[in-house]
Structures are given as C-alpha cells and as structure tokens.
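What the coordinates show
Chain by chain, the residues:
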Amino acid sequence: MPPNELMTASIPTNRRSPPEENNMNMHSMTVRGKDRYKSGVMEYKKMGYWEPDYVPKDTDVIALFRVTPQDGVDPIEASAAVAGESSTATWTVVWTDRLTAAEKYRAKCYRVDPVPNSPGQYFAYIAYDIDLFEPGSIANLSASIIGNVFGFKPLKALRLEDMRLPVAYVKTFQGPATGIVVERERMDKFGRPLLGATVKPKLGLSGRNYGRVVYEALKGGLDFTKDDENINSQPFMHWRERFLYCMEAVNKAQAASGEIKGTYLNVTAGTMEDMYERAEFAKELGSVIIMIDLVIGYTAIQSMAKWARRNDMILHLHRAGHSTYTRQRSHGVSFRVIAKWMRLAGVDHIHAGTVVGKLEGDPATTRGYYDICREDYNPARLEHGVFFDQHWASLNKLMPVASGGIHAGQMHQLLDHLGEDVILQFGGGTIGHPMGIQAGATANRVALEAMILARNEGRDYLHEGPEILAKAAETCTPLKSALEVWKDVTFNYESTDMPDYVPTPSVAM
Amino acid sequence: MRITQGCFSFLPDLTDEQISRQVQYCLEQGWAVNIEFTDDPHPRNHFWEMWGLPMFDLRDAAGVMMELNECRKVYGNSYIRLSAFDSSHGWESVRLSFIVNRPKEEPGFRLERHEMAGRNIRYTTRSYAADRPEGRRYD
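In short, a report on the structure. (Residues numbered from 1 in each chain as written. Chains lettered and ligands numbered in written order. Predicted model: local features only at pLDDT ≥ 70, side-chain atom pairs only at ≥ 80, totals over all residues. Heavy atoms only, no water.)

**Some details on the overall build of chain B**
- From N to C terminus, chain B includes 2 helices and 6 strands.
- Scanning chain B from its N terminus toward the C terminus, one meets helices and strands in the order α-β-β-α-β-β-β-β.
- With the C-alpha coordinates of chain B rotated into their principal frame, the extents come out at 55 × 40 × 25 Å.
- For chain B, with 139 residues in total, the buried portion stands at 50%. (Helix = DSSP H or I, 4+ residues; strand = E, 2+ residues; numbered from the N terminus. Buried < 20%, exposed > 50% of the residue type's maximum accessible area, 1.4 Å probe, protein only.)

Structure (structure tokens):
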C-alpha cells in the first residue's frame with residue numbers, strides 16, 4: 001500500500017494486518033511458562049507487551065502513540081516498551097507478577113505501522129483492559145497512559161495521537177454539565193453560532209472600566225463576553241470588583257436588548273476553596289456562566305464540572321497552556337485527546353481552533369476536534385486525524401469556541417469551516433472597531449445573521465460571502481467600516497500539526 | 001427599543017418572501033414549524049402562546065405562511081415568532097427561531113436594582129408593557 005493512500009476502510013480497533021500488507025506485524029514473541037519469570041532483564045516484546053494476534057475487546061481502552069525510537073532501537077521493541085511502561089512493566093522481571101492475573105493487566109501493543117512520509121516514526125496501537133482504570137477519573141486515566149512513559153530513554157519522542165474510549169468507561173463520567181442543547185434553551189439562542197468577545201486589554205483595567213467593555217459589547221449584539229485566561233484577582237482588579245461590575249453590565253444589556261446575555265466569570269484561583277468561593281459568588285449574582293483554565297488540572301476541572309451541574313451553571317474552559325504539549329507533531333499529546341478527556345470531564349465550552357485566525361489550526365485537524373466535541377458518534381476518519389470509531393453514548397455535546405484573530409469579514413469562511421454550533425469570539429474584532437465597541441459588536445452580529453439567512457436560503461454563501469456581507473453593510477454602517485478596516489487581514493502560516501493521511505483521488509476506470 | 005431575540009433581529013424586518021424561504025429550509029430539514037405569539041417578551045418568558053400545534057408533516061412553506069397571516073389578523077400588534085422543532089435524537093429541541101411580527105411600539109424593559117448587603121445588587125428586568133393587563137399591553 002502506498003504510504004500516503006487514505007485507509008478509509010481501516011478500522012484499527014479490530015483489524016489485523018495480513019502479513020503481506022505490513023510485514024512488521026508478525027507473530028507473537030511472548031515467552032511463556034516459567035522461563036517468562038526468570039530473574040533478569042528481558043525485552044518488552046518478549047514479556048507479553050507485543051501481541052500482534054490480540055483482538056481488542058469492546059471494553060478495552062485503546063491508545064494510539066506516535067513512537068520515534070532512538071537510532072538502532074527496534075520499533076516493535078520500542079512500542080512494546082510503551083505498552084509495558086504505561087501498564088504493568090518495570091525494567092526487570094519481577095516474580096510478584098505471578099501473584100496477579102498479569103496477562104489481563106498487561107497493555108498489549110497489537111499493531112505497529114510506519115507513519116506515512118515520516119521516516120523513523122511509527123504508529124503503535126495499544127489496548128488496555130478497562131480494569132486498569134478508575135471509573136470517572138481523568139487523573140487516573142492520564143496518569144496511566146501518559147504518566148511515566150514520555151521520558152523513556154530508548155525513545156527520541158513520543159506522542160499520544162488518539163484514544164478509543166469504550167462506552168463502558170464513557171458511562172462512568174458525568175460529561176458536559178449543561179451541553180449544547182440545554183445551553184441553547186437556557187440562553188434562548190437557536191439557529192446560529194453564538195457570539196462572544198474577550199475583554200481587552202486583558203490586564204490593567206479596573207473593575208469599573210472592565211464592566212464598561214462588557215456592557216458595550218453585549219448591548220451592541222454579542223451574546224457573551226469573556227475574561228481572559230490570566231484575569232483572576234490582581235492588584236489592578238480584585239475578583240469581586242470584576243464580578244459586581246460585570247453583572248451590572250450583563251443585566252443592563254439584557255434590559256436594553258430583551259435578550260439573555262452572559263459573561264464568563266473566570267473563577268480560576270490558587271486553591272479549590274477559592275474557586276468554589278468565587279463560583280458561589282457568581283451564582284449569587286445571577287451569572288449564567290463561569291470559566292476555568294485548563295492549567296487548574298484535571299481533577300479541579302472535574303470538581304468544577306460537578307459544581308456546575310449542581311448549580312445550573314454553564315462551564316467555560318479556556319485551554320490555557322495546551323500548546324506546550326499539543327502543538328509539536330512528534331512529541332506530546334494531541335489536542336484531540338485533550339478534547340476527548342474534557343468532554344468526559346464535563347466542561348461545556350472548549351477553545352478548539354478557528355482555522356482562519358491567528359492561532360495554530362489546520363482545517364482537517366480542526367474539523368476532527370469539532371466532531372469530537374459535537375457528535376454522538378465519531379467514525380474513524382484518518383484524513384481528519386481521527387483514528388478510531390468513538391461512541392459517546394448520549395454524553396452531552398461540548399460547544400467548541402473559535403477565538404483569536406477572527407473578524408466579521410471572514411464570516412462565510414467561519415460558518416463553512418466551523419458550522420453552526422460554535423461560539424465565535426471576536427475580541428479585537430469587536431473592541432478594536434473604529435466606531436467603538438457597540439458598533440464592533442453590531443457589525444459581527446449583522447454579518448452573522450446575514451450569512452445564516454443566506455445559507456438557509458440555499459445560496460452558495462462560501463463563494464458569495466463577500467457579496468452577502470457587502471449587501472448587509474449597505475444598511476449597517478458599523479459592518480461597512482469593519483469590512484474596510486480588516487479587509488486584508490489573514491494569517492497564512494504553515495501548520496505544525498496536520499493529519500498524516502490525505503485523500504488521494506482514485507483513478508476512474 | 002427593538003427587542004433582538006431570535007435569529008434575524010439585527011437585520012431589517014424580513015419580507016414574507018424571506019420568511020417563506022426560511023420556513024422552507026426548516027421543512028427540508030424535517031423540522032416542524034410552530035407559530036407563537038406574546039405580549040410579554042421578557043427574555044426569560046420561554047413559553048409564548050401557541051397558535052395551534054407545530055405543523056408536522058408539512059411539505060410546503062405556503063401552509064405556514066397561511067397560518068401566519070391568520071395569526072397576524074388576530075395578534076398583529078403583538079410579537080409573533082416562528083420556532084422550528086427537530087425531533088432527532090441528540091437534539092429534540094428548537095433548531096431555529098425568529099421574530100416575524102412586532103407591535104408598532106416596543107416599550108422595552110426597565111431594570112430594577114434592589115440594593116443588598118455589601119455591594120451586591122439584585123436585578124429584576126420588568127417589561128413596561130406587562131404593567132398592563134394581558135391583551136391590552138400594546139393598545
């Protein structure tokens with residue numbers, strides 16, 4: 001098979017490669033019987049961590065790693081080592097294995113493929129028995145899968161690309177506290193993406209000045225405004241000041257528009273106790289939404305998700321810090337895995353890329369993230385970087401958020417790439433408007449409504465987009481001026497992370 | 001003021017032809033369109049009065065437009081909106097909703113502030129129109 005040919009037919013969870021197709025996946029080398037437990041060092045691939053005949057069970061957790069062995073290290077041995085070090089193994093044989101059902105607890109690498117067009121890199125498929133994991137704990141799941149193995153010396157680099165989470169395990173998690181459907185019902189917003197903006201400058205505004213930005217943006221037509229990731233409680237604005245002024249702004253804008261509005265009050269703090277205190281105050285003030293940062297950690301996120309479910313609160317997650325481990329293609333954890341973990345953990349919003357904005361995001365990969373957030377079933381789609389069929393078993397849907405360097409002039413592209421169930425956040429694109437913040441918000445809202453109207457009418461809105469916007473701008477001066485100011489702004493840079501498989505057209509006979 | 005609930009409130013009022021195209025889109029998605037009206041457009045008044053049942057099994061937008069015109073004859077000085085319901089699994093909710101009729105004057109809302117302990121304020125949004133009895137709010 002040519003290395004870059006799209007393997008759409010392949011469902012890696014239950015397919016075993018025939019030997020002629022991929023000669024790496026040979027028979028088992030596992031040593032059995034009492035020789036297996038002779039004291040000393042034994043290759044991982046002989047200890048039972050390489051089982052090419054193993055067929056993963058429906059209840060197994062499956063992980064796909066991109067393995068880059070050190071020069072001279074056998075890729076099968078490297079992959080078996082990953083299976084071993086992420087489950088039961090240590091560097092030497094231990095007799096205490098014999099006190100356990102060791103074969104069940106050993107993770108089994110069952111398939112290794114060379115990565116297309118990437119010499120020296122291999123995709124290793126590893127199956128883990130569900131009993132290896134504590135129910136409902138991302139901390140435990142991640143400690144097992146990525147806890148130990150990423151610093152392993154025989155590897156140059158290692159990346160967790162994707163995971164198949166069995167329904168049996170999915171069902172042990174709460175999932176998004178609110179979910180897309182209930183969020184829309186609660187906010188009374190249907191049929192279009194929601195609109196937001198992050199308050200800028202992100203540091204230095206007093207509570208009163210900060211609330212001014214919130215009021216102007218919401219009154220102008222946005223549904224949400226947002227604290228930035230590092231707005232917590234600093235000398236220039238302590239958190240209670242921010243919350244009080246923001247809620248004045250939200251309520252004033254609601255009365256002025258007749259619409260329900262919200263502002264993501266960031267409750268991120270140094271301790272859980274502080275976060276609960278801030279969340280309780282947000283609730284007391286009548287906020288519909290609070291916000292946390294990814295850097296608070298998986299357990300804190302799950303705690304806040306449970307709090308949000310108990311308190312009728314939408315929970316926004318800002319993926320602060322993720323690029324430190326998601327961005328490089330050869331090492332770390334793919335964002336698609338983080339998205340899966342966060343859907344389990346129970347947040348309602350997650351930043352998932354804009355494609356056209358200022359931050360990293362190749363269209364196909366981003367599409368994969370969005371599908372993971374929003375669909376009840378993800379079929380394997382290698383061209384989107386989705387390696388496994390994933391059933392979500394009616395777990396609530398998670399609303400993706402597109403934020404960073406986007407503006408009204410891109411509305412047709414945003415709708416085409418990201419669809420309707422998304423929050424489009426125009427920070428600079430609202431606050432930087434030459435006629436003021438309200439005008440900036442109005443420009444975005446008018447552009448969005450005009451595009452949805454055109455799409456529903458069956459127009460080819462992607463190609464006619466600029467025309468549709470220009471027409472809408474005839475009766476909306478703020479939109480006209482937004483289109484003029486930002487008409488040439490694009491961010492065209494090479495992506496660092498993209499799918500390894502690309503579709504190749506088949507030749508018609 | 002202009003209430004901006006619904007999907008298209010920031011655009012100039014839709015013509016009947018534009019409304020009809022949106023309805024046709026909903027029907028093609030397999031959604032049932034409902035006509036709802038109210039003289040209490042509080043942002044948290046979710047349950048506007050229903051003009052009949054959602055129109056299931058309808059193929060042509062003309063059916064909805066006919067009912068809309070009937071509704072306008074009776075409630076032409078109230079808010080009327082169209083809501084489209086999707087019964088498919090995972091949604092089972094409204095998928096599109098937009099205002100198609102407004103009273104001639106939209107009085108809007110008053111924001112009441114009730115000062116509490118500390119600097120906390122309890123807010124209440126009150127529709128000016130709702131001070132009058134139902135049915136006589138936009139006379």
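**Concerning the interface of chain A and chain B**
- On the chain B side, the residues contacting the 44 residues of chain A number 39 residues.
- Both faces considered, chain A and chain B share a buried interface measuring about 3500 Å² in area, 52% of it formed by carbon and sulfur atoms.
- By the criterion of area lost to chain B, the three top residues of chain A are Phe190, Leu453 and Asn456 of chain A, representing 17% of everything that side buries.
- One can count 3 salt bridges joining chain A with chain B.
- One salt bridge in this structure joins Arg113 of chain B and Glu248 of chain A, with 2.6 Å as the shortest N-O distance.
- For the interface between chain A and chain B, the tally reads 17 residue pairs in polar contact (both at pLDDT 80 or more).
- For the side of chain A that touches chain B, the elements supplying multiple residues, two or more each, are α5 (179–187), α7 (239–257), α8 (272–284) and α15 (437–456) of chain A.
- The dominant element in the side of chain A that touches chain B, judged by the number of residues it contributes, is α7 of chain A, at 11 residues. (Contact = heavy atoms within 4.5 Å. Buried area = accessible area lost by both parts, 1.4 Å probe. Salt bridge = Lys/Arg side-chain N within 4 Å of Asp/Glu carboxyl O. Polar contact = N/O pair within 3.5 Å; in protein donor to acceptor, adjacent residues only side chain to side chain.)

**What about unusual backbone geometry?**
- The linkage connecting Lys200 of chain A with the following residue, Pro201 of chain A, adopts the cis geometry, with an omega of -5°.
- Here Pro201 of chain A shows up in the loop between β5 (194–198) and α6 (207–220).
- One non-glycine residue, Ser394 of chain A, adopts positive backbone phi at about 65°.
- Tracing the backbone shows Ser394 of chain A in the loop between β13 (390–391) and β14 (399–403).
- Taking relative accessible area as the criterion, Ser394 of chain A reaches 45% and is therefore assigned partly exposed.
- Despite not being glycine, Glu92 of chain B has its phi angle at roughly 45°, a positive value.
- In this fold, Glu92 of chain B is placed in the loop between β3 (79–86) and β4 (93–101).

**Overview of the side chain of Glu51 of chain A**
All names here are of chain A.
- For Glu51, the location among the structural elements is in the segment before β1 (61–69).
- Polar side-chain contacts of Glu51 include one of 2.8 Å to the side chain of Thr30.
- With residues near it in sequence (within four places) discarded, Glu51 still touches Ser28, Thr30, Arg32, Lys108, Cys109 and Tyr110.

**Remarks on the sheet that holds β4 of chain B**
Residue and element names in this part refer to chain B.
- Strands sit in the order β2-β1-β3-β4 across an open sheet of 4 strands; the sheet is antiparallel. Each having just a single partner strand, β2 (49–50) and β4 make up the two edges of the open sheet.
- With 2 bridges connecting them, strand β1 (residues 32–38) and β2 associate as antiparallel partners. Note on β2: the bridge partner recorded for Glu36 is Met50. (Pairing = 2+ DSSP bridges.)

**Regarding the packing of α6 of chain A against α7 of chain A**
All names here are of chain A.
- Where α6 contacts α7, the axes come no closer than 8 Å and their chain directions differ by 25°. One finds that α6 runs roughly parallel with respect to α7. As α6 packs across α7, the resulting crossing turns out to be right-handed. Seen from α6, the contacting residues are Gly207, Arg208, Tyr210, Gly211, Val214, Tyr215, Leu218 and Lys219; seen from α7, they are Glu241, Arg242, Tyr245, Cys246, Ala249, Val250, Lys252, Ala253 and Ala256.
- Of the residues assigned to the contact of α6 with α7, the class counts are 10 nonpolar, 2 polar and 5 charged. (Axes fitted to C-alpha atoms, helices over the stretch in contact; angles between N-to-C directions. Parallel < 35°, antiparallel > 145°, perpendicular 65-115°, else oblique. Left-handed = near helix turned anticlockwise from the far one by under 90°. Nonpolar A, V, L, I, M, F, W, Y, C, P; charged D, E, K, R; others polar.)

**Quick word on the sheet that holds strand β3 (residues 122–128) of chain A**
Residue and element names in this part refer to chain A.
- Strand order in the open sheet made by the 5 strands is β2-β3-β1-β4-β10, with mixed pairing throughout. Looking along the sheet, the strands with just one partner apiece sit at the ends: β2 (108–114) and β10 (332–333).
- Pairing of β1 with β3, which is carried by 7 bridges, proceeds in the antiparallel orientation. Each residue of the ladder has a partner; that of Phe65, found in β3, is Ala124.
- Across the sheet, helix α1 (residues 75–85) touches β1, β2, β3 and β4 (155–164), and the angle it forms with β1 is around 135°.
- Contacting β4 and β10, helix α11 (residues 335–345) runs over the sheet at an angle of about 45° to β4.

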